[in-house]
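Structural overview for review
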Amino acid sequence: MILLRQYATVTAIAVAYVKGFLVHKQHNFIGGEWVAPSTNDYSEVRNPADIDDVVGYAPKSAVRDVDQAIAAAAAAFPAWSGLPAPERGRVLHRVANLIETRIDEWAAELTREEGKTRTEARGEVVRAVELFRYFAGEAWRVGGDVLPADTPQTLLYSVRVPLGVVAIITPWNFPLSIPVWKMAPALVMGNTVVLKPASATPLMALRLMSVLHEADMPKGVVNCVTGSGGIIGDVLATDTRIRAVSFTGSYAVGHALYQKTAQQLTRTHLEMGGKNPVIVAADADLDKAVSIAVRGGFGLTGQACTATSRVIVEKSVAAEFAQRLAHVANTIVVGNGLADGVQMGPAVSESQRNTDLEYIEIASEEGAQVIAGGTAAPGNGYFVRPTVLTDVVSSMRVAQEEIFGPVIAVMQADDLTEAFAIANNVAFGLSATLVSNDMRQALRFAAQAEAGMLKLNQPTAGVSIQAPFGGFKQSGSGMFREMGKGAVEFFTQEKTIYLDGQ
Ligand code: NAP
């Protein structure tokens, strides 16, 4: 017995030592160097699935640190933009190759930092590799136009040129892939970057910097400064050395940011929240519809901008659909995403967990029924049970406001005409799905749905790298798209050249 107790103590000390050994203070990445924040202050990042597990410490930077990062990016711009594009593409390929050798290690760290399951995290790391490769390829593809000239022996052509220093501001739910899907097109087109990741998940971005360093990215081309957006966000929005701001996050922050960047006429891209519907037609295969709702609504713990938060069902099948959805929701294994068999991780933070639970309470007060979940789940983290609400109508807050958690509101419609109207009756317009076997209804849906991404018989979540991605209404600023050629357009401007040979 004594021996057993001693063994347990030694094991506990060893685990604490290993955790302590791995936990050290990270620095900002500025001008190709690791630089301590001028505040000498750091924030602690804890594992949302095990709040005793300290994942790391990230700098709480001040404006002075951002200023230094902008200066480094500005100094690096002439040489980086002056490289032949394929040279830049080769650097991005090296980055992709290096990340590819660390997929499982990074996935585990991503799970510890953000909470998503290991499988989901692995998907995100693989996505980062693919994004670097896809945009690296643009180095060999993006050209310009040769146009008919109005004068003889004149060469008239246009080329895409980089903007300069760009600021990238990202949310916590995809700590790796969102920085990459902005950074990769920016870099390949010749821009230099200042990245500010979310304060809840800053460590993955710093990890990415270490690989850029290893891949011999020239100094100053990418800089990363962590810290509160409320403190260092304004300088990114207002500094005139910054030629573009690419932001992903909430509507409230994006809206305020836009007003500041507009003062300088700084090109700005905003991708924001969603209230994404799945519409279930009476002719749908209900098990398939449930699977689509579950993957969209509970995948990534509902913490995706494209997550399904409303399911609008034709009345004749609504009760049956809700019952089957609740049944599946109750079987989902919630827990630490590193553990085998866990299907859904925790909310990213205590405040996000509280938001989820508050919305469930508000919904109940407004007359909704909780038919699955509805409460926190046990464990040493911010766990919430997958929740299904019924009797939800459009006037309820839970039908209008983004929750960003594993909560699906089931609503009824008399027919598809009404379902399409309910789907559009929100301020957001990011993603929407129709589950049906009727192609005529699918075409009506494609014509009428007010969202940037529409799917037939697929979950609302899930984006292809090569396809335009962005929101309508309050989900996005709308002028540009991410991914595909939209990303190249955002991070470049056109220059037109007349060469008169006479
Ligand atoms: P958030 O609170 O809006 O924060 C996003 C980023 O903005 C963070 O880096 C944040 O820094 C920073 N920020 C905060 N205040 C700022 C300011 N005054 N000036 C400049 N930057 C500032 O969003 P979040 O909670 O991280 O992410 C969840 C939201 O992102 C949801 O609404 C979700 O729908 C949206 N999202 C959208 C997409 C899309 O593609 N449409 C994709 C993923 C997520 P701090 O962390 O330091 O506050």
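Now for a quick tour of the structure.

**Quick look at the overall build of the chain**
- Helix and strand content of the chain: 15 helices and 21 strands.
- A compact globule built from 502 residues would reach a C-alpha radius of gyration of about 23 Å, and the chain, at 24 Å, matches this within 12%.
- When the backbone C-alpha atoms are referred to their principal axes, the chain occupies close to 75 × 75 × 40 Å.
- Taking all 502 residues of the chain together, 55% fall into the buried category.
- Contacts in the chain between residues at least 24 apart in sequence constitute 73% of all its contacts with a sequence separation of at least 6.
- A gap of 4 Å separates the mean positions of the 42 positive and 50 negative side-chain charges of the chain.

**As for the packing of aromatic side chains**
- As enumerated under the stated definition, the model contains eight aromatic pairs in all.
- Measuring from ring centre to ring centre gives 4.9 Å for Tyr134 and Phe135, while their planes differ by 90 degrees; the resulting arrangement is edge-to-face.
- Take Phe135: its relative accessible area is 0%, and that puts it in the buried class.
- Seen in terms of ring centroids, Phe490 and Phe491 are 4.9 Å apart; in terms of plane orientation they differ by 80 degrees. Their pairing is edge-to-face. No difference in accessibility class separates Phe490 from Phe491, as the two residues are buried.
- An aromatic cluster of three or more residues is present, and its members are Phe174, Trp181 and Phe469.

Conventions and cut-offs
Residues numbered from 1 in each chain as written. Predicted model: local features only at pLDDT ≥ 70, side-chain atom pairs only at ≥ 80, totals over all residues. Heavy atoms only, no water. Helix = DSSP H or I, 4+ residues; strand = E, 2+ residues; numbered from the N terminus. Rg over C-alpha atoms; globule rule 2.2 N^0.38 Å. Buried < 20%, exposed > 50% of the residue type's maximum accessible area, 1.4 Å probe, protein only. Contact = heavy atoms within 4.5 Å. Lys, Arg positive; Asp, Glu negative; His and termini not counted. Charge placed at Lys NZ, Arg CZ, Asp CG, Glu CD. Phe/Tyr/Trp six-rings, centres within 6.5 Å; stacked < 30°, edge-to-face > 60°.

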